[in-house]
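Residue-level structure breakdown
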4 protein chains.
Amino acid sequence: MEQPRSSGADSGDGAADDPRAGGRGKAPRTERGRRTLRKLLDAAAVEFGEHGFHEASISAITRRAGTALGSFYTYFDSKEEIFQALVRYMSEQLRDHVTPIVQAAPDEIAAEHAGLHSFLGFVREHKEIYRIIDEAEFVDYASYRRHYETTVERMRQRLAAGAARGEIRPDAGEVHAWAIAGMNVFLGMRYGLWDADADIDAVARIANDLLANGLAKKG
Amino acid sequence: MEQPRSSGADSGDGAADDPRAGGRGKAPRTERGRRTLRKLLDAAAVEFGEHGFHEASISAITRRAGTALGSFYTYFDSKEEIFQALVRYMSEQLRDHVTPIVQAAPDEIAAEHAGLHSFLGFVREHKEIYRIIDEAEFVDYASYRRHYETTVERMRQRLAAGAARGEIRPDAGEVHAWAIAGMNVFLGMRYGLWDADADIDAVARIANDLLANGLAKKG
Amino acid sequence: MEQPRSSGADSGDGAADDPRAGGRGKAPRTERGRRTLRKLLDAAAVEFGEHGFHEASISAITRRAGTALGSFYTYFDSKEEIFQALVRYMSEQLRDHVTPIVQAAPDEIAAEHAGLHSFLGFVREHKEIYRIIDEAEFVDYASYRRHYETTVERMRQRLAAGAARGEIRPDAGEVHAWAIAGMNVFLGMRYGLWDADADIDAVARIANDLLANGLAKKG
Amino acid sequence: MEQPRSSGADSGDGAADDPRAGGRGKAPRTERGRRTLRKLLDAAAVEFGEHGFHEASISAITRRAGTALGSFYTYFDSKEEIFQALVRYMSEQLRDHVTPIVQAAPDEIAAEHAGLHSFLGFVREHKEIYRIIDEAEFVDYASYRRHYETTVERMRQRLAAGAARGEIRPDAGEVHAWAIAGMNVFLGMRYGLWDADADIDAVARIANDLLANGLAKKG
DNA sequence: AATGAATGAGAATTCATTCAT
DNA sequence: GATGAATGAATTCTCATTCAT
């Protein structure tokens, strides 16, 4: 079965510092323009997060941004384009939130614990980011795949490094990485997104223990 | 953050087997009507699977079904309603495919292996089902939650039973169930949906081993 | 210099009887539909004739036709499409008006006289037709060329027949036909369109005499 | 039937040679300004010639001219105004090309031959000029009429002079002039614009012979 | 029940023109 | 004068839903 969904252009890897810079929309050349572009992106994040891609309208975005409708098209060619820019931006924000915490962990098992824990916290704080990335599956399939493939690849490398250091089983590979990613995402949805009162610490602990020791009964 | 997405009315639980029952369009009274309803559901499954909810149009569905546009409203009140009916139907199909296989397993670890394996096979055979259920997150949130909550609850009960039988760790609970579900779904996406050539047997084996024994290095 | 104007599909030669039938828009299948289609075409003729293609709006057309805006799209895919249908229709109307008159003429010189005379009368009665066909040069180039190439070709055949019958110079050919056509069109514009009081009979007589005898001074 | 098309203000007659004069944008006072104005006019000629008035955009013109969008309005009040300036300018260019050639002819018949011949050559060299003038019928009706009325009036005076000199029939008048103009324009379109390979010399010869001697069969 | 035409609210998008720098 | 961002009216087109037959 084919998949003729919109995919959008893959505009390279994005500049490093200001994630809203190069590659997204038409770059503003004045300070005023830069301000407007930022207002639009912020407004779009809120609109898409609250109403989803299809219910969000460009006029609602510009209304929220406090700009004229036409100004949107100064920076983006379409609703799809700003969505794509947003997915990339949020994917980077998530990575920037999680990465340092993970890297500070003493070993690989602890790293995965830290990763899940910080992810759960992030989801709870930024529900709209979770939503936007998830909806990309149906709006901008290429961005969606890029996000998860990138994320999982980072995780796979961590596993490989941990295995090399002898911290975890030596055969840990891609399948394990996808499995862990899926676990994290579902726990994020269930306990970060749906259940405002869930004990995130406990969830992360339980899941990490499952990961570390599996289901098998201990002697 | 609010969640004001359209969610559709949750029309009770509807009997499982009779396709004329609640949740699947207005019951037709003649044989001819029953045929039309079935044609519409089949056509909608293909359309939604191929183009997604928003790109699919009622007229495309009726065109594919070979019925008049107006006939659609003889059986469904809205586009959302047929989507909802479909989600429920596919959720049941998936369950009906997996359940007997899982139940035939000798113990809980084997059951989870069988569950993942049959899920991977099912996804590969019925990609549109995966898509429709997943898109429900953005079209009919209630159906989406119902599907996963039901699915995970079944899994939790299995874990509890397995624990009671002493096959797995005694503390296996809801968090474990969500973790396993997420793992399965992501592996289904990655290896069932995206990668037509993946070795599904190997994937299921690796994942089940992770589940059974965890990441920790074995003596 | 290229000519990337819209040209529209050339949908064959058009059915014979009802010029609004086959080939244009989506054919209505009910009597009611046929009425609506006709109302739209009539309204479009008036709008395009009065305001030109670009100033005319689809909503103005449907308002004048007394239909809903959306009904337009039941029969036409775009403003260009109805314009194209109209050009063809008007080209045929003009031909149907002129042809029998020309054919009744006793010889070729008289035929050209009758042709110009009836054309002048037609332009004066149906200014909007003249406008629509002329504007096609900038809206639907293919239709424009088709109209004139068809018209001139008919004229060329008349000249050839007249020459064969020995009524006019034997070398009369394509260039003569284009020359006569241009003459007719400009006289139509100047005396049919611009000058409501012009003596059309006199104009036709003078032009036909020029055609018949040229500029050269008579003995 | 009314004729409420936009026609633009007819800003007097404007001197002929100085491009800074009336009708061609607001007079720049510096050399730099004069250069910008010229660049805009050149760019507009190409854009209008290639895409027509409605498809051409101010931003495309300024982009091509290498100026800022806003600079356009330093020199012109509107899109219509630059179009009007262009029509006048091109009308003059055409006249300046044809007039000396016509005036060098020994008699009136030869003059019309030279006129058509040089017109055909000019059209082939400057297709965009033909297009712009022709489109004026639908953009700036006043300019369009002025162009043809002026052109035909010049021709009428030539005919009158030729008749006075006894070179052609004494009754040659306005109708003849419009007829000849139409002939020329259509031959220009057919053989100058559409048919890049046409033998322009032959066309001019055939048409001039028609003009000189008419259709009637010679003894 | 079936048919297919009619409806109209709603959305995206364009671009001439204005304005602040 | 030059620049380029901002503006917003206007337009086309879509499509779920309703209705007359």
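Each chain carries its own residue numbering, running from 1 in the written order of its sequence. Whichever chain is written first is A, and whichever ligand is written first is 1; the rest continue in order. Totals for whole chains, interfaces and linings use all residues, but because this is a predicted model, local features are given only for residues with pLDDT of at least 70 and pairs of side-chain atoms are given and counted only at 80 or more. Hydrogens and waters are ignored; side-chain quantities use all the structure's heavy atoms.

Here's the deal with the confidence of the model for chain A
Residues and elements named next belong to chain A. pLDDT expresses, on a scale from 0 to 100, how confident the predictor is about each individual residue. Looking at chain A as a whole, the pLDDT averages 88, with 87% of positions reaching at least 70. Every helix listed is a DSSP run of H or I at least four residues long, and every strand listed is a run of E at least two residues long, numbered separately from the N terminus. Mean pLDDT across the secondary structure elements of chain A bottoms out at helix H6 (residues 127-139), with 94, and peaks at helix H8 (residues 174-194), with 97. We call two residues in contact when some of their heavy atoms are within 4.5 Å. Counted against residues more than four places away or in other chains, residues 1-25, with its pLDDT under 50, gives 46 contacts.

Comments concerning the domain arrangement of chain A
All names here are of chain A. As used throughout, domain bounds are those supplied by an automatic or database domain assignment. Taken as a whole, chain A is organised into domain 1 (23-77) and domain 2 (84-213). Summarising the inter-unit geometry, the C-alpha centres of domain 1 and domain 2 are found 29 Å apart. Residue-level contacts link ten residues of domain 1 with ten residues of domain 2. Buried area adds together the accessible area that both of two parts lose upon being put together, with accessible area traced by a 1.4 Å probe. For the pair domain 1 and domain 2, the summed buried surface comes to about 850 Å²; carbon and sulfur atoms form 68% of the total. One speaks of a salt bridge when a side-chain nitrogen belonging to Lys or Arg is within 4 Å of a carboxyl oxygen belonging to Asp or Glu. Scanning the region where domain 1 abuts domain 2 turns up zero salt bridges.

Describing the interface of chain B and chain A
In this assembly, 55 residues from chain B lie in contact with 55 residues from chain A. Roughly 5500 Å² is buried in total at the junction of chain B and chain A, and carbon and sulfur atoms are behind 65% of that figure. Taken as a group, Phe186(B), Trp194(B) and Leu215(B) account for 15% of the area that chain B buries against chain A, more than any other trio of residues on that side. Viewed at the interface, chain A and chain B are joined by four salt bridges. Arg190(B) is the salt-bridge partner of Glu174(A), the closest N and O atoms lying 3.4 Å from each other. Whenever a nitrogen or oxygen atom comes within 3.5 Å of another N or O atom, the pair is scored as a polar contact, on the condition that within protein one atom can donate a hydrogen and the other can accept it, and that pairs from neighbouring residues in sequence are kept only if both atoms are in side chains. Scanning the region where chain B abuts chain A turns up eleven residue pairs in polar contact (both at pLDDT 80 or more).

Thoughts on the packing of helix H8 (residues 174-194) of chain C against helix H9 (residues 200-213) of chain D
Their axes nearest at 10 Å, the elements H8(C) and H9(D) cross at an angle of 65°. In the packing of H8(C) onto H9(D), the handedness of the crossing is right-handed. Between H8(C) and H9(D), the residues in contact are Val175(C), His176(C) and Ala179(C) and Val203(D), Ile206(D), Ala207(D) and Leu210(D), respectively. In this classification, Asp, Glu, Lys and Arg are treated as charged, Ala, Val, Leu, Ile, Met, Phe, Trp, Tyr, Cys and Pro as nonpolar, and every other residue, Gly included, as polar. Taken together, the residues that form the contact of H8(C) with H9(D) break down as six nonpolar, one polar and no charged. In this description, a line fitted to the C-alpha atoms serves as the axis of each element, helices being fitted only across the stretch in contact, and the angle between N-to-C directions of two axes falls anywhere from 0 to 180 degrees. Here a crossing is called left-handed whenever its near helix is offset anticlockwise from the far helix by less than a right angle, and right-handed whenever the offset is clockwise.

A look at the interface of chain D and chain C
In this complex, chain D contributes 55 residues to the contact, which on the side of chain C involves 55 residues. Buried surface at the junction of chain D and chain C, both sides included, amounts to about 5500 Å², of which 65% is carbon and sulfur. Inspection of the region where chain D meets chain C yields four salt bridges. Linking chain D to chain C there are eleven residue pairs in polar contact (both at pLDDT 80 or more).

Remarks on the relation of the copies chain B and chain A
Residues reaching a pLDDT of at least 70 in both copies supply the C-alpha atoms on which the copies are superposed by least squares. With an RMSD of 0.2 Å, the fit of chain B onto chain A corresponds to turning through 180° and sliding 0.0 Å along the axis. With respect to symmetry, the two chain copies, as superposed, fit the operation of a two-fold axis. When C-alpha distances to the rotation axis are compared across chain B, the minimum falls at Gly214(B), with a value of 1.8 Å. Here 100% of the interface residues in chain B have copies in chain A that are interface residues too; the copies meet face to matching face.

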